[in-house]
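Inside the fold
Residue strings, one per chain:
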Amino acid sequence: MSSLPTGSLSDACLTLTVNSRLARWLLLDHNEKQLALGHKVWHTPEILSLTAWLKQVWMESWPDKYILKESQSLQLWGEIVQQDRQQSIRELLHLNETAKQAAKAHALIQSHRLPLNKEKFFLTEESRAFYKWRTLYETRLKEMSALDPASAMDEVLKAMRQGFIPIPKEILFAGFEEITPQFQNWLDFLKTCNVRIQFNPEIAGQASVPLKSLAEGRSIEVREFADKKTEAIHCARWVRAHYRPEKKIGIVGIDLQFYRSLLKRELSAELAPASVTPEVDKELPFNISLGPTLWEEPMIHIAAEILAIQEPAVPLRTFTSVLRSPYLTVGRSQSPDVHILESRLFRRKTLTVYLSEMNELIGPGKSTHLTGLAVGWKDHLKEKENRSPSEWAKLFSDFLKDLGWPSAGRTLTSREFQVYEAWKGCLDEFAALDSVLNRVSRRKAVETLSAMVKNHPFQEKTRDQPIQVVGLLESSGMHFDHLWVMGCHADVLPALPSPNPFLPVEIRKRHNLPHSTAQRELEFAENSIRRLINASSSTVFSYATGEINVELKMSPLIAPFLSSEAKADAGEPVSHRLKDQFSLEPGLIKIEEPFILPVTETERKLLEENGPGGGYRFLKDQAECPFRAFAHHRLQAQKEEFPELDFDHQERGTLVHKALEIFWRQTRTQDALKNLQKENRLEQTVREAVQKALNKQKGRIARQNLFYQLELERVHNLILDWLNEELLRAPFEVLDLEKDDHLEISGLKIRLRIDRIDKTETGQVVLIDYKTGAVTFADWFGDRIQEPQLPLYAFKTSPDAIVFAQVKKGKTKLQGAFDPAHPLPGISKIQSRLLTFPTWEGQLQDWRMRLTAMADEFLSGQTEVNPLKGPATCRHCDLKMLCRIAEKDQGSFETEDEE
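Residues numbered from 1 in each chain as written. Predicted model: local features only at pLDDT ≥ 70, side-chain atom pairs only at ≥ 80, totals over all residues. Heavy atoms only, no water.

Right, let's get into the overall build of the protein. Per the secondary structure count, the protein includes 39 helices and 20 strands. Every one of the 899 residues in the protein was classed for burial, and the buried ones make up 47%. Across the protein, contacts joining residues at least 24 apart in sequence account for 75% of those joining residues at least 6 apart. When the accessible surface of the protein is split by element, carbon and sulfur atoms take 51% of a total near 45,200 Å². (Helix = DSSP H or I, 4+ residues; strand = E, 2+ residues; numbered from the N terminus. Buried < 20%, exposed > 50% of the residue type's maximum accessible area, 1.4 Å probe, protein only. Contact = heavy atoms within 4.5 Å. Areas by Shrake-Rupley, 256 points an atom, 1.4 Å probe, with all protein chains shown as cover.)

Rendered as structure tokens:
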């Protein structure tokens, strides 16, 4: 097949294409031919898609009726479906998809001249519902003085007959593979008017030609790959090998949506290696037809997230996205107050940010950007009245503008400007729904606008390039010097039938509607293969044999092109990716950096003033890995994670601590505990303590009454179980609770807080640390002490015992270390094999020595990546991307981690 003869057409010839991409492609082809002929100035032929031309000539005729845009038509169908009383249909089908299928059914009725036999349509519930919807749709169109897009051709034909629209003298139809009855009716009229009509390619004549015979005289290969990623890599390298400025190269994706991101990445890396670096804004030498939706653009997504908020309660993820967004003034400002607020929100571990509490969170005299955000957002949410879409569009636009969106005071890039223009186009379409929706609530307005944005494809406007990546339908009418057809596996070529559910089965089969039967899909796939073979003298068909545990098979339609020569792989193609150009040759010098970076005086003061990680935690981190202590407590590199629950395990642990503190401040002794039990007042006293503790944290769950009651019961029962352990001990008195103290170690003053200090009737002092999780006593007795809190306080105060109080459902117990010569009734001894010294004084001195050595390591600047227990220590560490231990010792690290 030759390229379309646009260069030889008369100036008056009108070219109408099957889609807008082919129109641009033909215009590019025409311009290149003029340049090749040496022309500097030439007449630009009129090349438009058929759909665009019909709308253009209709509007130029000054009609009484206007043609609905597709978004308006879909919205009208959606409104009719939603308002219908047939609940069974509405519950079975998704509203937006139902509207799309209904619109397609209506378009098929128009284009294929389907009979509206009421008896046939009333055989199934779906078709009966559609018959009713279509009647309501036609009524609404009359009321609005509007036309459905599928009626445009019929209305243009009628206007031509009446003389309102001029009739072209000659028309070239490009890329059309079949003629519908509606299209044929218009063509018959044009022929009676002596219009010269030409099709390219010719529609008839190819269907009966065997596929194998079409391959004669052409270079056709079939290539097999292990997966889609490998297929995309080889395709990109093939394009690089065949790329010449004067050559046209095509990549056709049978199911392009699954290849788009892979192809864009690999083609960019092969054809424009420098484009992978963020500072390089390089035009790519290829076009991809299937672009992302407008919703996927970061600029639009943040605006949609903001508008989606209906109440002054913002999800934490959305709020932090707003604080970080470069498209908003608050995010662009990089104000320290913004970062402080964000850290504060993460520390609170709340799922929701309430705008009413923003002033308290921000603090007086802080960032005006934050204050403006809070005030503006709250004021915007006060708008509760129903409004027309055009009024909502202006309100949304003004609100986003007040937040600094989209530029935040800077100049938009070319792509950002195009995205913004596309957004304004969506707003205009939304505003044009006044006659469809009338007055709607904010929620309905946001849902409608969001649906339009999600369905709006965004294709960045760039120069048409000689390398085109297109879908199967879009490739119709295009010619290439080299062509690669990918994704040719049996699941999609031919495709499975997907008949429209709203059209009766008998009508679908009798009129052989698109996608209605397996035979129809097979014929379409065979004709597509014929067209692709004719589109190039050099063609590659490829497929992947598997993807994510799914086995794929080659499409039988490309089996005729298999040959031993074609199937043979020529070897690994040459890579031009930037990362593959670097090689680690022996000439490189390896530099070993020292892991010593002593703590400065300034850092020492900050550590003392702020209390590193709560006082003792720098020692805990130093024991587990010196680099972890360095990163957490000197670099302040803390991972901020989004909470999964408003009340996570840490908050629950804090609640238990607080409830026990309140209870023992009131009770004080074991005798008092026993009296409460005898007088049947224990349960009520514990419940009151838990309620007081919950009220102190009520801001976290104030709006979750059911959860509040559940947590009250959980902690109440847990503490009652725990107090049974306390009753088994020898008599004791609680001396202090949540005691704050200071300790100096290696010249560094640190803060400590002890949960509880008890005194037995024999005068023994016991330090108690509550644990609501797992307890590992071995962490007290290794060379590096991983639980340093109690040993630290022990060598300062010389208690008689240190004890873990495990307050955990089904596992409540007291276990600790104490002087073997003075056992404590009711407390299990730690296993003797873990004791380092036979005497208690010796054990206290050993702890002092080991903890001092760890503090000296930290202060001297030991920063080596050296996890205490290897992969077990690193498994839940938040610094793996920073320390890169997996790259340092990849083999052994990964093996141990898997084990």
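That shown, we press on.
Next up on the list: the packing of helix H34 (residues 789-797) against helix H35 (residues 840-860). Orientation of H34 relative to H35, taken along the N-to-C sense of each, is 120 degrees, at an axis distance of 9 Å. The two elements H34 and H35 meet at a crossing, and its hand is left-handed. Where H34 approaches H35, its residues Pro791, Leu792, Ala794 and Phe795 are matched on the opposing element by Leu844, Trp847, Arg848 and Leu851. Here the residues of the contact of H34 with H35 are counted per class, giving 7 nonpolar, no polar and 1 charged. (Axes fitted to C-alpha atoms, helices over the stretch in contact; angles between N-to-C directions. Left-handed = near helix turned anticlockwise from the far one by under 90°. Nonpolar A, V, L, I, M, F, W, Y, C, P; charged D, E, K, R; others polar.)

This part covers the environment of Asp769. Take Asp769: it is sitting in strand S17 (residues 765-771). On the basis of relative accessibility, which here comes to 6%, the residue Asp769 falls in the buried class. For the pair Asp769 and Ile754, spaced 15 residues apart in sequence, the C-alpha separation works out to 6.7 Å. Contact partners of Asp769, with chain neighbours within four places excluded, come to Asp755, Gln789, Leu790, Val803, Phe804 and Ala805.

On to the confidence of the model for the protein. As a note on interpretation, predicted positions should not be read in detail where pLDDT is low. A residue-level look at the protein finds 89% of positions with pLDDT of 70 or above and a mean pLDDT of 85. Ignoring residues within four places in sequence, the model shows residues 1-9, a span with pLDDT below 50, making 27 contacts including any to other chains. With pLDDT under 50 throughout, residues 564-570 is counted as low confidence; its partners more than four residues away or in other chains account for 8 contacts. (pLDDT = per-residue confidence, 0-100.)

The nonpolar side chains of soluble globular proteins are, as a tendency, buried together. Phe130, Phe319, Trp377 and Trp405 are the most contacted members of the largest nonpolar core, which has 77 residues in total. The contacts of Phe130, once residues within four sequence positions are left out, are Trp77, Ala102, Ala105, His106, Ile109, Phe121, Phe502 and Leu503. (Core = buried A, V, L, I, M, F, W, Y, C linked by side-chain atoms within 4.5 Å.)

Overall, the coordinates contain 47 salt bridges when judged by the stated rule. A salt bridge links Glu138 to Arg134; the nearest nitrogen and oxygen atoms lie 3.5 Å apart. In this pair, Glu138 and Arg134 are both assigned in helix H7 (residues 125-144), 4 residues apart and thus about one turn of the helix distant. Judged by relative accessible area, Arg134 falls into the buried class, the value being 14%. The partner of Asp758 in a salt bridge is Arg729, and the shortest N-O contact between them spans 2.9 Å. (Salt bridge = Lys/Arg side-chain N within 4 Å of Asp/Glu carboxyl O.)

This paragraph deals with the packing of helix H30 (residues 670-678) against helix H33 (residues 705-727). Interhelical geometry of H30 versus H33 gives an angle of 125 degrees and a closest axis separation of 10 Å. Comparing their axes, H33 and H30 come out oblique. As H30 runs across H33, the sense of the crossing is left-handed. For the pair H30 and H33, contact is made by Gln670, Leu673, Lys674 and Gln677 and by Leu723, Glu726 and Leu727, respectively. Residues of the contact of H30 with H33, tallied by class, amount to 3 nonpolar, 2 polar and 2 charged. (Parallel < 35°, antiparallel > 145°, perpendicular 65-115°, else oblique.)

Let us look at the sheet that holds strand S12 (residues 467-471). One open sheet holds the 6 strands; their spatial order is S7-S14-S13-S8-S12-S9, and the pairing between them is parallel. The sheet is open, and its two borders are formed by strand S7 (219-225) and strand S9 (286-288), each paired with just one other strand. The average undirected angle you get between the axes of adjacent strands in this sheet is 15 degrees. Pairing geometry for S9 and S12, over 3 bridges, is parallel. (Pairing = 2+ DSSP bridges.)

Read from one edge to the other, the open sheet built from 4 strands follows the order S2-S1-S5-S6, with strand pairing classed as parallel. Looking at the sheet topology across the chains shown, the edges are occupied by strand S2 (46-49) and strand S6 (196-200). Each adjacent strand pair in this sheet contributes to an overall mean axis angle of 20 degrees, direction not counted. Note: strand S1 (residues 14-17) against S2, 4 bridges, orientation parallel. Bridging from a neighbouring strand, Leu16 pairs with Leu48 of S2. Against the sheet, helix H1 (residues 20-36) engages S1, S2 and strand S5 (170-174), with an angle of about 160 degrees to S2. Set on the sheet, helix H2 (residues 50-60) makes contact with S1 and S2; between it and S2 the angle comes to about 105 degrees.

Another point: helix H3 (residues 70-83). The end-to-end C-alpha distance of H3 is 20 Å, a good match for the 20 Å that 14 residues give at a rise of 1.5 Å each. The buried fraction of H3 is high, at 10 of 14 residues. Residues of H3 that are buried: Ser71, Gln72, Ser73, Gln75, Leu76, Trp77, Gly78, Glu79, Ile80 and Val81. (Expected span 1.5 Å × (residues − 1).)

Among the secondary structure elements, Trp405 is positioned in the loop between helix H19 (389-402) and helix H20 (414-431). Trp405 gets classed as buried once you look at its relative accessible area, which sits at 7%. Considered as a pair, Trp405 and Tyr420 are 15 residues apart in the sequence and their alpha carbons are 9.9 Å apart. Excluding residues that lie within four positions of it along the chain, Trp405 makes contacts with Met299, Ile300, Ile302, Ala303, Tyr327, Leu328, Leu400, Tyr420 and Trp423. A distance of 3.0 Å separates a polar side-chain atom of Trp405 from the backbone oxygen of Met299. (Polar contact = N/O pair within 3.5 Å; in protein donor to acceptor, adjacent residues only side chain to side chain.)

Before going further, it helps to spend a moment on the environment of Arg531. Considering the arrangement of structural elements, one finds Arg531 in helix H24 (residues 518-534). Linking Arg531 and Gly477, residues 54 residues apart in sequence, is a C-alpha distance of 8.3 Å. Leaving out residues up to four positions away in the same chain, Arg531 has contacts with Glu177, Leu472, Ser475, Ser476 and Gly477.

On to the packing of aromatic side chains. For the structure shown, the criterion picks out 31 aromatic pairs. With 6.2 Å between their ring centres and 25 degrees between their planes, Phe183 and Trp186 make a pair best called stacked. Of this pair, Phe183 and Trp186 are both found in helix H9 (residues 181-192), 3 residues apart, which corresponds to roughly one turn of the helix. Assigned by exposure class, Phe183 and Trp186 land together as buried. Seen in terms of ring centroids, Trp780 and Trp847 are 6.5 Å apart; in terms of plane orientation they differ by 65 degrees. Their pairing is edge-to-face. (Phe/Tyr/Trp six-rings, centres within 6.5 Å; stacked < 30°, edge-to-face > 60°.)

Going from Trp405 to Pro406, the amide bond is cis rather than trans, its omega being 5 degrees. Assignment of secondary structure puts Pro406 in the loop between H19 and H20. A cis amide bond links Leu493 with the next residue in sequence, Pro494, at an omega value of 5 degrees. The topology assignment puts Pro494 in the loop between strand S13 (482-486) and helix H23 (505-510). With a phi close to 60 degrees, Asn680 is a non-glycine residue in the positive phi region. In this structure, Asn680 sits in the loop between H30 and helix H31 (682-696).

What you see with S2 is a clean split: Ile47 and Ser49 sit on the buried side and Glu46 and Leu48 on the side with no burial. Each parallel crossover has a hand, and for S1 linked through H1 to S2 it is right-handed. (Right-handed = clockwise from strand over helix to strand, strands pointing away.)

What follows is about the pairing of strand S19 (residues 813-818). Note: strand S18 (residues 801-806) against S19, 6 bridges, orientation antiparallel. Note on S19: the bridge partner recorded for Ile802 is Ala817. Taking the residues between adjacent antiparallel strands as the criterion, S18 and S19 are bridged by 6 residues, where Gly810 takes a positive phi near 80 degrees.

Okay, H35 next. Given a rise of 1.5 Å per residue, 21 residues ought to cover 30 Å, and the 30 Å separating the end C-alpha atoms of H35 matches this to within 8%. Of the positions making up H35, those classed as buried are Trp840, Gly842, Gln843, Leu844, Asp846, Trp847, Arg850, Leu851, Met854, Ala855, Phe858 and Leu859. Where H35 begins, the capping side chain belongs to Thr839, and its oxygen is found 3.1 Å from the backbone nitrogen of Gly842. Just downstream of H35 lies Gly861, where phi reads positive at about 95 degrees.

Next up on the list: the side chain of Gln465. Topologically, Gln465 is positioned in the loop between helix H22 (442-454) and S12. Excluding anything up to four places from it in sequence, Gln465 contacts Trp25, Leu28, Glu283, Leu284, Pro285, Phe286 and Asn287.

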